[in-house]
Amino acid sequence: MTLLALDWLLIIEKLVLIAIIVFASLGIALYTTFAERKVAAVLQDRPGPERAGPFGLFQPFADGLKLIMKEEIIPNSSSKALFVLGPGLAMTAALMTCAVIPWGASVQLFGRTIDLQIADVNIGILYIFGVVSLGVYGIMIGGWASNNKFSLMAALRGASQAISYELAMGIALIALLMTTGSLSLKTIVEQQMAPGHLWNIAYQPLGFLLFFICAMAECNRTPFDLPEAENELNFGYHQEYSSMKLGFYLFSEYVNMIMSSAVMASLYFGGYDIPFFNEALLPQNIAALVGVGALLIKIVIFIFIFMWIRWTIPRFRYDQLMNLGWKSLIPLALVNMLITGAWILAKL
Amino acid sequence: MNTTEILFFFLSALAIFSAIMVLISKNPIHSVLWLVAVFFAISGHYILLNAQFLAIVNMIVYAGAIMVLFLFVVMLMNLNAETEPQKNLWMKLAGVISGGCLLMVLVSLVRQATDLNAKKAMTTTGDIGLIKNLGKLLFSEYVVPFEITSVLFLSAMIGAIVIGKKE
């Protein structure tokens, strides 16, 4: 066990954890597509998918099978390597966020204490920020490599939207970090679990609202789905894509949604904290599992709110989108930061 | 060879290979993307030196923002291999000679510098790169240069807006 002086048990443990988390996120994303169709159906007063299996529960598998079976077309005049790279990058960037999210407290297994978090780095939030800013590449590369004017315009739109809203998101986060004093997501969650300390939403209501709006924009969800505005751009940056490559683009949007819900739950809603309940009363392993369940419930609630908004509010115009980002959200975030600073100063 | 050495050589090879690909790619978009790979490799080096904050900021600022703007410009200008102006042989030769001279000066500088010879890079042990220590240092010992830099950035931003607004 001293080959290369590594702790091989730790590496195996982390690999298993990564596999579980990645496959669990993909599984949840699979059923999020189903939930999206059902929520849309309820909001539009129609039954929604109900034919495949009981209550239409096998619908996502039918969809996936359909996408895989479709003929794969790579346009002749595209740059092939980048055309293939685009959807892969979008998916990788979406899944990479899960590394720093604390999915639960630690469990005791086979005499080892296993943290339910892949990496507790002390710059966790900045890491998420970095990965989010890399998500742009999937859209840009895919849009450009298609060699289609509509795709290119959509890709440029998507990138400029993501960059604009990242700024407001970052400033909203700075206000939160000023109150927590730590960049590690695990520390932030543990602070919120401490007795006598409320969830961060109580200290940063405006900050959360800004963060939520920006997260919606980063996920390209309606009302911010300008990169795939069918009425102006045909289909958006993935117009030339077919088969499972298109599936990857569509799927990465849902993975993004899950990850941003998990980040919001951890930052503002106590992460794996169970409200009005002292976890220390339960045995360690059970408390950890119940905590994971609590986090999942919070994620599901956020995803539902995402869908609810999508099927309620129509899409913005492009100038409205830019005005909202630069002229409303960024000044509001700056004011929020100043107020937080004054509050911290007054508390000292 | 321990793990750190293996990672070091892997990252160095990746950085140099990507840097060469930046130069020899015919398509400007490919060049930009290879440059992003270079930044990733350099971020990896920062992590080896236990400077996590520097690594992640390098990724956010360079790979996440500046290179995206590069991509914007290149995509909108629609540069292709065909439209690239052909430089004549003498220009290429002059470029090789001047670049070679610069390389020679840099290499001899690094080999002779007593500062570098005496010191060894602190891999995974130094903690100056952690955000806590970096922040304390920036806001105590180096607070004046830090503030001046931020004023410089602000004036550059205002300047960019003024130039952009001009008809």
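These figures come from a predicted structure and were not determined experimentally.

As for the pattern of salt bridges
Residue and element names in this part refer to chain A.
Turning to step 1, where the next piece is worked out: Scanning the model with the defined rule gives 6 salt bridges over all chains in all.
Turning to step 2, where the next piece is worked out: Residue Arg221 is joined to Glu36 by a salt bridge in which the shortest nitrogen-to-oxygen separation is 2.9 Å. Placement of Arg221 in the loop between α8 (205–218) and α9 (230–233) and of Glu36 in helix α1 (residues 8–43) is noted, with a sequence separation of 185 residues between them.
Turning to step 3, where the next piece is worked out: Exposure remark for Glu36: the relative accessible area of 3% places this residue in the buried category.
Turning to step 4, where the next piece is worked out: If you follow the salt bridges from partner to partner, you end up with Glu36, Arg221, Glu253 and Arg310 in one network.

Here's the deal with the packing of aromatic side chains
Turning to step 1, where the next piece is worked out: Under the criterion given, the structure shown has 22 aromatic pairs over all chains.
Turning to step 2, where the next piece is worked out: Taking 4.1 Å as the distance between ring centres and 0° as the angle between the ring planes, the aromatic pair formed by A:Phe83 and A:Tyr241 counts as stacked. With a gap of 158 residues between them, A:Phe83 in helix α3 (residues 80–96) and A:Tyr241 in the loop between α9 and α10 (243–268) connect regions that are remote in the sequence. For the residue pair A:Phe83 and A:Tyr241, the accessibility class agrees, reading buried in each case.
Turning to step 3, where the next piece is worked out: Their ring planes at 70° and their centres at 5.0 Å tell us that B:Phe139 and B:Phe146 sit as a pair that is edge-to-face.
Turning to step 4, where the next piece is worked out: Among the aromatic residues, those joined into a ring-pair cluster are A:Trp199, A:Phe208, A:Phe211, A:Phe212, A:Tyr268, A:Phe269, A:Phe302 and A:Phe306.
Turning to step 5, where the next piece is worked out: Over the face of the ring belonging to A:Trp343 we find A:Lys347, whose NZ or CZ atom lies 4.5 Å from the ring centre.

Remarks on the interface of chain B and chain A
Turning to step 1, where the next piece is worked out: Facing the 24 residues of chain B at the interface are 22 residues of chain A.
Turning to step 2, where the next piece is worked out: Roughly 2100 Å² of surface becomes buried between chain B and chain A when both sides are summed, with 81% attributable to carbon and sulfur atoms.
Turning to step 3, where the next piece is worked out: Broken down residue by residue, the surface that chain B buries against chain A is led by B:Ile60, B:Phe72 and B:Met75, which jointly contribute 26%.
Turning to step 4, where the next piece is worked out: Inspection of the chain B/chain A interface yields 0 salt bridges.
Turning to step 5, where the next piece is worked out: At the boundary of chain B and chain A, one finds 1 residue pair in polar contact (both at pLDDT 80 or more).
Turning to step 6, where the next piece is worked out: Contributions of two or more residues to the side of chain B that touches chain A are made by α1 (3–24), α2 (28–48) and α3 (52–77) of chain B.
Turning to step 7, where the next piece is worked out: In terms of residue class, the side of chain B that touches chain A is made up of 19 nonpolar, 5 polar and no charged.

Concerning the packing of α8(A) against helix α12 (residues 318–347) of chain A
Residue and element names in this part refer to chain A.
Turning to step 1, where the next piece is worked out: The geometry of α8 relative to α12 is characterised by a closest axis approach of 10 Å and an angle of 150° between their N-to-C directions. Between α8 and α12, the angle is such that the two are roughly antiparallel. Where α8 crosses over α12, the two elements pack in a sense that is left-handed. Facing α8, whose interface residues are Leu206, Gly207, Leu210, Ile213 and Cys214, α12 presents Leu329, Leu332, Ala333 and Asn336.
Turning to step 2, where the next piece is worked out: Counted by class, the contact of α8 with α12 contains 7 nonpolar, 2 polar and no charged residues.

Observations regarding unusual backbone geometry
Turning to step 1, where the next piece is worked out: The phi dihedral of A:Asp45 falls on the positive side, at around 60°, and the residue is not glycine.
Turning to step 2, where the next piece is worked out: Here A:Asp45 shows up in the loop between α1 and α2 (59–69).
Turning to step 3, where the next piece is worked out: Look at A:Asp45 and you get exposed, because its relative accessible area is 72%.
Turning to step 4, where the next piece is worked out: Even without being a glycine, B:Asn50 presents a positive backbone phi close to 65°.
Turning to step 5, where the next piece is worked out: A residue is classified by how much of its surface remains accessible, and B:Asn50, at 17% relative accessible area, is buried.

Looking at the nonpolar core
Turning to step 1, where the next piece is worked out: A:Trp103, A:Tyr137, A:Met140 and A:Leu267 are the most contacted members of the largest nonpolar core, which totals 110 residues.
Turning to step 2, where the next piece is worked out: When near neighbours in sequence (up to four residues on either side) are disregarded, A:Trp103 contacts A:Ile21, A:Cys98, A:Leu116, A:Met259, A:Ala262, A:Tyr272, A:Val292, A:Leu295 and A:Ile299.

Digging into the domain arrangement of chain B
All names here are of chain B.
Turning to step 1, where the next piece is worked out: Taken domain by domain, chain B comprises domain 1 (3–83 + 91–129) and domain 2 (130–167).
Turning to step 2, where the next piece is worked out: Residue-level contacts link 6 residues of domain 1 with 5 residues of domain 2.
Turning to step 3, where the next piece is worked out: Contact between domain 1 and domain 2 buries roughly 550 Å² in total, counting both sides, with carbon and sulfur atoms accounting for 69%.
Turning to step 4, where the next piece is worked out: Linking domain 1 with domain 2 are 0 salt bridges.
Turning to step 5, where the next piece is worked out: Summed over the shared surface of domain 1 and domain 2, the number is 0 residue pairs in polar contact (both at pLDDT 80 or more).

Observations regarding the side chain of A:Ser260
All names here are of chain A.
Turning to step 1, where the next piece is worked out: Mapped onto the elements of the fold, Ser260 is located in helix α10.
Turning to step 2, where the next piece is worked out: Residue Ser260 is classed as buried on the basis of its relative accessible area of 13%.
Turning to step 3, where the next piece is worked out: With sequence-adjacent residues up to four places away left out, Ser260 is seen in contact with Ala215, Cys219 and Phe306.

Remarks on helix α11 (residues 284–310) of chain A
All names here are of chain A.
Turning to step 1, where the next piece is worked out: An ideal rise of 1.5 Å per residue puts 39 Å on 27 residues; α11 measures up with 39 Å between its terminal C-alpha atoms.
Turning to step 2, where the next piece is worked out: Within the sequence span of α11, burial applies to Ala287, Ala288, Gly291, Ala294, Leu295, Lys298, Ile299, Phe302, Ile303, Phe306, Met307 and Ile309.
Turning to step 3, where the next piece is worked out: Its buried side turned inward, α11 meets α1, β1 (107–109), α8 and α10.

Focus: the confidence of the model for chain B
Turning to step 1, where the next piece is worked out: Averaged over all residues, the pLDDT of chain B equals 83, while 86% of them reach at least 70.
Turning to step 2, where the next piece is worked out: At the low end of the mean pLDDT range in chain B sits helix α5 (residues 114–118) of chain B, at 67; at the high end sits helix α7 (residues 143–165) of chain B, at 91.

Details of a nonpolar patch on the surface
Turning to step 1, where the next piece is worked out: Where nonpolar side chains cluster on the molecular surface, the patch consists of A:Leu9, A:Ile12, A:Val16 and A:Ile20 and spans about 370 Å² of accessible area.
Turning to step 2, where the next piece is worked out: Mapped onto the elements of the fold, A:Ile12 is located in helix α1.

Quick notes on the rules
- What you see as residue numbers is a count from 1 along each chain, following the sequence as written.
- As a convention, the first chain written is A and the first ligand written is 1, with the rest following in written order.
- Per-residue local features are limited, in this predicted model, to residues with pLDDT of at least 70; the limit for side-chain atom pairs, both in listing and counting, is 80 or more; totals at the level of whole chains, interfaces and linings are taken over all residues.
- No hydrogens and no water enter the side-chain calculation; it runs on all heavy atoms of the structure.
- Salt-bridge detection follows one rule: a side-chain nitrogen of Lys or Arg within 4 Å of a carboxyl oxygen of Asp or Glu.
- A helix here means a DSSP run of H or I that spans at least four residues, while a strand means a run of E at least two residues long, and both kinds are numbered starting from the N terminus.
- Burial classification: accessible surface area is computed with a 1.4 Å probe over protein chains only, and a residue below 20% of its type maximum counts as buried, one above 50% as exposed, and the rest as partly exposed.
- Any pair of Phe, Tyr and Trp rings, taking the six-membered ring for Trp, is counted once the centres come within 6.5 Å. Such a pair is stacked with planes under 30 degrees apart, edge-to-face with planes over 60 apart, and tilted for the rest.
- To sit over a ring, a charge needs its Lys NZ or Arg CZ within 6 Å of the ring centre and within 35 degrees of the ring normal.
- Should any heavy atoms of two residues lie within 4.5 Å, those residues are counted as being in contact.
- Two parts placed together each lose some accessible area under a 1.4 Å probe, and adding up what both lose gives the buried area.
- Here a polar contact is taken to be a pair of N or O atoms separated by no more than 3.5 Å, where protein atoms must pair a possible hydrogen donor with a possible acceptor and residues adjacent in sequence count only if both atoms sit in side chains.
- Under the scheme applied here, ten amino acids are nonpolar (Ala, Val, Leu, Ile, Met, Phe, Trp, Tyr, Cys and Pro), four are charged (Asp, Glu, Lys and Arg), and all others, including Gly, are polar.
- Only the stretch in contact is used when a helix axis is fitted, and all axes are lines through C-alpha atoms; the angle between N-to-C directions ranges over 0 to 180 degrees.
- Angle categories: roughly parallel below 35 degrees, roughly antiparallel above 145, roughly perpendicular from 65 to 115, and oblique for all the rest.
- Helix crossings fall into two classes, left-handed where the near helix is turned counterclockwise from the far one by less than a right angle and right-handed where it is turned clockwise.
- Put simply, a nonpolar core is a bunch of buried Ala, Val, Leu, Ile, Met, Phe, Trp, Tyr and Cys residues held in one set by side-chain atoms that sit within 4.5 Å of each other.
- Per the annotation, domain bounds derive from an automatic or database assignment of domains.
- By this rule the span expected of a helix is its residue count minus one, scaled by 1.5 Å.
- A residue's pLDDT is the predictor's confidence in that residue, given on a scale from 0 to 100.
- Exposure above 30% relative accessible area and no salt bridge define the residues that can form patches, which grow by joining like charges within 9 Å and nonpolar side chains of Val, Leu, Ile, Met, Phe, Trp and Tyr within 5 Å.
- Computed with the Shrake-Rupley method and a 1.4 Å probe, the accessible areas treat only the protein chains shown as cover for residues.

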